[in-house]
Protein chains: 2
Amino acid sequence: MNAITLKDNQLSLSNLSKPTLAADEVLIKISIAGICSTDLEIVKGYVPGFSGVLGHEFVGTVEAAGDAVEDPDWVGKRVTATINIGCRSCPTCMDAGVEHCPSRTVLGIHNRDGAFAEYIAVPEANLIEIPADVPDDLAVFTEPLAAALRIREQLRVPPSQKIAVVGPGRLGMLVGWVLSLAGNEVVMLGRRKASLALGQQWGLVTGLIEEAADNGFDFVVETTGNEAGLAHALRITRPRGTIVLKSTYAGPANVDLTKLVVAELNVIGSRCGPFEPAVRLLQTQAANQIVEMIDGRYALSDGLQAMKQAAEPGIRKILLTT
Amino acid sequence: MNAITLKDNQLSLSNLSKPTLAADEVLIKISIAGICSTDLEIVKGYVPGFSGVLGHEFVGTVEAAGDAVEDPDWVGKRVTATINIGCRSCPTCMDAGVEHCPSRTVLGIHNRDGAFAEYIAVPEANLIEIPADVPDDLAVFTEPLAAALRIREQLRVPPSQKIAVVGPGRLGMLVGWVLSLAGNEVVMLGRRKASLALGQQWGLVTGLIEEAADNGFDFVVETTGNEAGLAHALRITRPRGTIVLKSTYAGPANVDLTKLVVAELNVIGSRCGPFEPAVRLLQTQAANQIVEMIDGRYALSDGLQAMKQAAEPGIRKILLTT
């Protein structure tokens, strides 16, 4: 099968054999996969030593099940899957969750092949059924939408708080939309005017980050993953306000800890989120606008070109189809 | 009167006239003042452009009251004072508190003379009476003890959580003690064995920071104010754990944001705390051990030498007496 693989930091289109199944795994024929910023960071070396098939956002159909799979009815179903595979028995799995298991593997990110391929093997425990009323073009957004919803799992977001999302990109747009759903005023902040058009189209307030007022926001989500974005986030958060780091940071960054301490800010890292609520949201009428984030669609065999386009400024979601 | 002043980053023993009182202020004859790390950072240039009398930890007696002081009975009372003077009318004062007022002054820290002097002028609203059963040597710790208690104002600290305090110094010891009071296991972590003796004397668990296990603590308080201390704090905090930044950071620092995001840590800045609970704690038998932190006592006229000793490694509290 075709697959986009990374080996010795070299991205390639490879011809691999179909994955072999562990007893508790199913084989999924992938329909669509999405490229996200983490994939691009991995290629740049964010996860040192990652080697294998990239990709962790996908939708597909179960084709076969291992001997120990408990529910044979998975075969034939349209699914996506949560991306962390923990041991499910250590204290960290019990307490912080499988997303933090020290011996976890993560689809296309850590020690496990991902979804930029024709097939993927996934444990039954990770499967999430996609309802018939959610088309593939929306279902492929389940993972990043869950990541956006993670913020609401971690923190109370009072509806009267003024929210800024720094970075109106592929994840930032989903974060802004999710945080606007319960009545909050959400301002999408970008570096260039062109980046603000989609936010306006979605009915969100938009603004240039350079022009955002000091201490002007109660709750700020940083989605750019770069030092300049973080510096702006610190600048625009009011005393005792909250900053959510919702991005991938490659290595150490310079942070103004003086503001963090003097203004008693709360900074919280945020990663993978809940899939079932994401699927429920995708079933709503309002979610249909998400497809407006799709900026390109490539056959898997053109995956290298797709990765290149995904890395261009202003590009949001690029899809790979099989 | 004698005073330790800073002007153009130059520390001096100055001969000033007694402070003149605003209508809502009282004049306090200072008995003892304490040197803290913030004073040392200010001298190093942490607050650019600070000019005036240093010092914000003190105990003294009210000698006179301005015309608009509402309670004339303050005169003759032994007091300390909260250090932030806000406008008490702006939205930030109403919401985040006077400690965050954009036009605030802060005793000995920002646009207002402090307590390394024979007299200080303080608004009536800032006064805190010291009960007769709290001697001056303990009363002078009210401000830093309040700063330690601030952590419990900001965050829930479940008694079963394992806590580490990075830095067994003048503030770290108070933080460790306060956090141990409700049954938590608190480990004081230092760079040198000698720094751990007082923690052992106080019945706390102690350890060398280099030997502390990765991800070994639920709740970590960073009190060193340096990058190395913060790097250790990030290293030893478990996934979804909490780090409190309880120190003065001079400018930007390199922070490993990857761990912060991937492990979904919660980092919170922490500054000034509640004085009344601190005074109540100082009335307890257990608080008597705090005087063991006093490493030196100087006449105000020897204040420059006192500042020098306070900056030496391993030194905790240095007092100035008038």
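Residues numbered from 1 in each chain as written. Chains lettered and ligands numbered in written order. Predicted model: local features only at pLDDT ≥ 70, side-chain atom pairs only at ≥ 80, totals over all residues. Heavy atoms only, no water.

Remarks on the side chain of T242 of chain B
Inspection of the secondary structure assignment puts T242 of chain B in strand β15 (residues 237-245). Not counting the four nearest positions on each side in its chain, T242 of chain B is found in contact with L155, D218, F219, V220, T237 and N266 of chain B. (Helix = DSSP H or I, 4+ residues; strand = E, 2+ residues; numbered from the N terminus. Contact = heavy atoms within 4.5 Å.)

A few points about the packing of helix α4 (residues 142-154) of chain B against helix α9 (residues 275-282) of chain B
Residues and elements named next belong to chain B. Interhelical geometry of α4 versus α9 gives an angle of 110° and a closest axis separation of 8 Å. Here α4 lies roughly perpendicular to α9, going by the angle between them. At the point where α4 passes α9, the crossing takes the right-handed sense. Of the residues in α9, those in contact with T142, E143, L145, A146 and L149 of α4 are F275, P277, A278, V279, L281 and L282. Residues that form the contact of α4 with α9 fall into these classes: 9 nonpolar, 1 polar and 1 charged. (Axes fitted to C-alpha atoms, helices over the stretch in contact; angles between N-to-C directions. Parallel < 35°, antiparallel > 145°, perpendicular 65-115°, else oblique. Left-handed = near helix turned anticlockwise from the far one by under 90°. Nonpolar A, V, L, I, M, F, W, Y, C, P; charged D, E, K, R; others polar.)

Comments concerning the sheet that holds β15 of chain B
Pairing in this open sheet of 12 strands is mixed, and the strands run β13(A)-β12(A)-β11(A)-β14(A)-β15(A)-β17(A)-β17(B)-β15(B)-β14(B)-β11(B)-β12(B)-β13(B) from one edge to the other. Among the strands making up the open sheet, the edge pair consists of β13 (205-208) of chain A together with β13 (205-208) of chain B. Each strand axis lies, on average, 20° off the axis of its neighbour in the sheet, ignoring direction. Its contacts with the sheet put helix α7 (residues 227-236) of chain B on β11 (162-166), β12 (185-190), β14 (217-222) and β15 of chain B, and the angle it makes with β15 of chain B is roughly 150°. (Pairing = 2+ DSSP bridges.)

Quick look at the domain arrangement of chain A
Residue and element names in this part refer to chain A. Under the domain assignment used here, chain A contains domain 1 (2-133 + 283-321) and domain 2 (155-269). One C-alpha centre belongs to domain 1, the other to domain 2, and the line joining them spans 28 Å. With 19 residues of domain 1 at the contact, the number on the domain 2 side is 14 residues. Approximately 1400 Å² of surface area, both sides summed, lies buried where domain 1 meets domain 2, with 56% of it carried by carbon and sulfur atoms. At the boundary of domain 1 and domain 2, one finds 0 salt bridges. Our count for the domain 1 to domain 2 interface comes out at 9 residue pairs in polar contact (both at pLDDT 80 or more). Top element by residues in the side of domain 1 that touches domain 2 is helix α1 (residues 37-43). It accounts for 4 residues. (Domains from an automatic or database assignment. Buried area = accessible area lost by both parts, 1.4 Å probe. Salt bridge = Lys/Arg side-chain N within 4 Å of Asp/Glu carboxyl O. Polar contact = N/O pair within 3.5 Å; in protein donor to acceptor, adjacent residues only side chain to side chain.)

Considering helix α9 (residues 275-282) of chain A
Turning to α9 of chain A, its buried residues number three or more, namely F275, A278, V279, L281 and L282 of chain A. The buried residues of α9 of chain A all sit within an arc of 160° when viewed along its axis, so they share a single face. (Buried < 20%, exposed > 50% of the residue type's maximum accessible area, 1.4 Å probe, protein only. Arc of directions from axis to C-beta.)

Details of the pattern of salt bridges
Applying the stated criterion to the full structure yields 22 salt bridges over all chains. Put simply, R150 of chain A and E264 of chain B hold a salt bridge, and the shortest N to O gap is 2.8 Å. Placement of the pair is R150 of chain A in helix α4 (residues 142-154) and E264 of chain B in the loop between α8 (257-262) and β17 (266-269), with the two residues belonging to separate chains. Of the residues examined, R150 of chain A reaches a relative accessible area of 9% and is grouped as buried. The salt bridge involving K317 of chain B is made with E57 of chain B; its shortest N-O contact spans 2.8 Å. Of this pair, K317 of chain B sits in strand β19 (residues 317-321) while E57 of chain B sits in strand β5 (residues 57-65); the two residues are 260 residues apart in sequence, bridging distant segments of the chain. Comparing K317 of chain B with E57 of chain B shows no difference in burial state: the two are buried. Each member of the salt-bridge network shares a partner with another, and the members are E99 and R150 of chain A together with R240 and E264 of chain B.

Examining the relation of the copies chain B and chain A
Each copy of the sequence occupies a distinct position, and chain B is placed on chain A by a rotation of 180° and an axial shift of 0.0 Å, giving an RMSD of 0.0 Å. Such a combination of turn and shift is consistent with a two-fold rotation axis. Mapped onto chain A, 100% of the interface residues of chain B are again interface residues, and the two copies thus contact each other with one and the same surface. (Least-squares fit on C-alpha atoms with pLDDT ≥ 70 in both.)

Focus on the nonpolar core
If you look at the biggest cluster of nonpolar residues, it comprises 46 residues, and the most contacted ones within it are I236, L245 and L257 of chain A together with I236, L245 and L257 of chain B. Residue contacts for L257 of chain A: discarding those within four places in its chain leaves L230, L245, Y249, G251, A253 and V255 of chain B. In this structure, I4, V26, I85 and M307 of chain A belong to the second largest nonpolar core, which totals 45 residues. (Core = buried A, V, L, I, M, F, W, Y, C linked by side-chain atoms within 4.5 Å.)

Structural notes on the interface of chain B and chain A
At the junction of the two partners, chain B supplies 38 residues and chain A supplies 38 residues. Counting across the interface, chain B meets chain A through 4 salt bridges. Viewed at the interface, chain A and chain B are joined by 19 residue pairs in polar contact (both at pLDDT 80 or more). At the level of elements, α2 (91-95), α4, β15, β16 (252-256), α8 and β17 of chain B are the ones that each hand at least two residues to the side of chain B that touches chain A. A breakdown of the residues in the side of chain B that touches chain A according to their chemical character gives 19 nonpolar, 10 polar and 9 charged. Pairing of strand β17 (residues 266-269) of chain A with β17 of chain B involves 3 bridges; the strand directions are antiparallel. If you follow N266 of chain A over to β17 of chain B, its bridge partner there is I268 of chain B.

Here we look at the packing of α4 of chain A against helix α5 (residues 172-180) of chain A
All names here are of chain A. In contact at an axis separation of 9 Å, α4 and α5 are set at 50° when each is read in the N-to-C sense. With respect to each other, α4 and α5 are oriented oblique. For the pair α4 and α5, the crossing hand works out as right-handed. Side by side, α4 and α5 meet where P144, L145, A148, L149, I151 and R152 of the first sit next to L174, V175, W177, V178 and L179 of the second. Partitioned by chemical class, the residues of the contact of α4 with α5 number 10 nonpolar, no polar and 1 charged.

As for the state of the cysteines
Here the structure, examined in full by the defined rule, presents 0 disulfides over all chains. Of the cysteine sulfurs around C90 of chain A, a residue in no disulfide, the closest is that of C87 of chain A, at 3.6 Å. Taking relative accessible area as the criterion, C90 of chain A reaches 15% and is therefore assigned buried. Unpaired in this structure, C272 of chain B has its nearest cysteine sulfur neighbour in C36 of chain B, at a distance of 9.7 Å. The class for C272 of chain B is buried, based on a relative accessible area of 14%. (Disulfide = S-S within 2.5 Å.)

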